[in-house]
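Summary of the model geometry
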Amino acid sequence: MPLDLNSDLGEGFGPWQMGDDAAMLDIVTSANIACGFHAGDPSIMRRTCALAVEKGVRIGAHVGYRDLAGFGRREITMDPAELRDEVLYQIGSLGAFAEAAGDRVRYVKPHGALYHSASRERRFADAVLAAMLDYDPELALLGPAGSELAHAAEAAKVRFVGEGFADRAYTPTGTLAKRGLPGAVLDTDAAVAQAVSIAMSGSARTVDGSGEVAVQAASLCVHGDTPAAVEMARLIRTALDEVGVPVEPFV
């Protein structure tokens, strides 16, 4: 079965650059592009969309809390209606640049703290889905299988795509280990091994070494801000090719 390879891109701001987006776009099949709230700005959004279209990579809106200082990794308490509007604002902003580049936004993936809060709490998941339906009911949603995001997508009749992480460790309950924990962010060798394990057996080793946890994924993420991210993504794609897993976009 084909597997998509995605990465979080466009996460610089002004003259400050995060990762090597151009190199990553030569490897991945889907780009989760920051929409200006947790990272990114109009010029970066335009440039990243244009590069993605040039390289045949699918464009997704990487929506998050309005938190540039915290890179969207701090949870913000807000009314679901306000969250809906902020998500719609971000999708629409990226959509303008995607269309200017000759394509369109094809899916949505929440970022950081919003990814986790909307995966846990249905009211926030519903807010994300409401924004997606307002913008384009044909959008797909990328997130963790079995989460409230998945349940909300099913209720809204929106296509849901399960995501796994190559470079992040999992807890025994199937959630991502918090970044501050030892071993939460995997090195290149461990990430390659985990990518192959998820692709071939739908499972990953737990961060505490107690066993394995199921990971249902049609798309694998390699974070663009991890050390040696480009080389990691390249080695993962090579490893998937070697075990006979086609790497193709899910939309």
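It should be emphasised that the depicted structure is a prediction, and the values quoted were computed from it without experimental measurement.

1. Structural notes on the pattern of salt bridges
Side chains carrying opposite charge are able to pair once their charged atoms draw close together. Using the criterion set out here, one finds 11 salt bridges in the structure. Two residues, Lys 109 and Asp 8, come together in a salt bridge whose shortest N-O distance is 3.2 Å. Of the two residues, Lys 109 sits in strand E4 (residues 105–110) while Asp 8 sits in strand E1 (residues 4–9), which places them 101 residues apart along the sequence. Exposure class is identical for Lys 109 and Asp 8. Each is buried. Notably, a salt bridge pairs Glu 163 with Lys 109, separated by 2.7 Å at the nearest N-O pair. Here Glu 163, found in strand E6 (residues 160–165), pairs with Lys 109, found in strand E4; they are 54 residues apart in sequence, far enough to count as distant. Three or more residues joined by partner-sharing salt bridges are found here, namely Asp 8, Lys 109 and Glu 163.

2. Points about unusual backbone geometry
Of note, Phe 71 is a non-glycine position whose phi angle comes to about 55°, a positive value. Assignment of secondary structure puts Phe 71 in the loop between strand E3 (58–63) and helix H3 (80–100). At Lys 157, a position not held by glycine, the phi torsion is positive, near 60°. Here Lys 157 shows up in the loop between helix H6 (148–156) and E6. Here Lys 157 falls in the exposed class, since its relative accessible area comes to 73%.

What counts and what doesn't
Residues numbered from 1 in each chain as written. Predicted model: local features only at pLDDT ≥ 70, side-chain atom pairs only at ≥ 80, totals over all residues. Heavy atoms only, no water. Salt bridge = Lys/Arg side-chain N within 4 Å of Asp/Glu carboxyl O. Helix = DSSP H or I, 4+ residues; strand = E, 2+ residues; numbered from the N terminus. Buried < 20%, exposed > 50% of the residue type's maximum accessible area, 1.4 Å probe, protein only.

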